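Fold and contact review
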Amino acid sequence: MGCDATYASNGSGYAIGVSSAVFPQTESLDLIPGGGVAMGRVNYKEDTIRAWQRECVDRAILTLREVERQLPKQLDAQKAKFLFELSYQLAVPIFWNSLTTKHSAYENEREYRLILLGALQELGPYIQTRLKGDHIVPYVAVNLDVHKAGNLTGVRVGPTAS
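None of these values were measured; they are calculated from a predicted model.

**Quick notes on the overall build of the protein chain**
- Broken down by element type, the protein chain carries four helices and seven strands.
- Per-residue burial for the protein chain yields a buried fraction of 21% across its 162 residues.
- When contacts within the protein chain are restricted to residue pairs at least 6 apart in sequence, long-range pairs at least 24 apart make up 69% of them.
- Total accessible area on the protein chain stands at roughly 11700 Å², and carbon and sulfur atoms take up 57% of it.

This is how it looks when you write it as structure tokens:
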């Protein structure tokens, strides 16, 4: 089944396209209280995706080698603290890259991802749920101005939608 046929809940629903104009053009968006929202354009190019991940890992390896060279053995507590911080610094870009990449078969979607940032307890009051078949799906409602002319770019109806 091609990607157009699998849109919208494996073909049984709808997918709505909106213009990037509905999103503020900033790196960090403040769409809900208690947490931020980051927006990232999805990358579909395998070579670029692999280069992003390789850069993250290479940077971490170079940093580790430098720490090993500079810190004497008796500073194990400092090394442990540093390694914890390094793991965080490495995890963030790898996680971000993972959320903003997709197989090239879906490149025609020209997708952006809105990613909620914040602790679960802060976002908790904004989390709603809906049923999708026999699954409960959590989501956070975000108001976007899709009523302005040109902001709604398309609607795809799945081949088995009712």
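**Structural notes on the packing of aromatic side chains**
- In the structure shown here, the tally under the stated rule is zero aromatic pairs.
- Directly above the ring of Tyr106 sits Lys102, whose terminal nitrogen or CZ lies 5.1 Å from the centroid.

**Considerations on helix α2 (residues 46–70)**
- For α2, built from 25 residues, the straight-helix expectation of 36 Å at 1.5 Å per residue is met to within 8% by its first-to-last C-alpha distance of 36 Å.
- Within α2 the residues assigned to the buried category are Ile49, Cys56, Ala60 and Val67.
- On its buried face, α2 sits against α3 (76–99).

**Some details on the side chain of Ser19**
- Structurally, Ser19 can be placed in the loop between β1 (14–18) and β2 (28–32).
- Setting aside chain neighbours within four positions, we find Ser19 in contact with Gly150, Asn151 and Thr153.

**Digging into the pattern of salt bridges**
- Evaluated as defined, the whole model comprises five salt bridges.
- Note that Glu46 and Arg50 form a salt bridge whose closest N and O atoms lie 2.7 Å from each other. Linking Glu46 with Arg50, this pair stays in helix α2, spanning four residues, or about one helical turn.
- Between Arg113 and Glu111 there is a salt bridge, with its nearest N and O atoms 2.7 Å apart.
- Classification of Arg113 as partly exposed rests on a relative accessible area of 22%.
- When salt bridges that share partners are traced, they join Lys102, Glu111 and Arg113 into one network.

**Description of α3**
- Taking 1.5 Å as the rise per residue, α3 with 24 residues should run 34 Å; its terminal C-alpha atoms sit 34 Å apart, in good agreement.
- Looking at the packing, one finds that the buried side of α3 touches α2.

Definitions and cut-offs
- Residues numbered from 1 in each chain as written.
- Predicted model: local features only at pLDDT ≥ 70, side-chain atom pairs only at ≥ 80, totals over all residues.
- Heavy atoms only, no water.
- Helix = DSSP H or I, 4+ residues; strand = E, 2+ residues; numbered from the N terminus.
- Buried < 20%, exposed > 50% of the residue type's maximum accessible area, 1.4 Å probe, protein only.
- Contact = heavy atoms within 4.5 Å.
- Areas by Shrake-Rupley, 256 points an atom, 1.4 Å probe, with all protein chains shown as cover.
- Phe/Tyr/Trp six-rings, centres within 6.5 Å; stacked < 30°, edge-to-face > 60°.
- Lys NZ or Arg CZ within 6 Å of the ring centre and 35° of its normal.
- Expected span 1.5 Å × (residues − 1).
- Salt bridge = Lys/Arg side-chain N within 4 Å of Asp/Glu carboxyl O.

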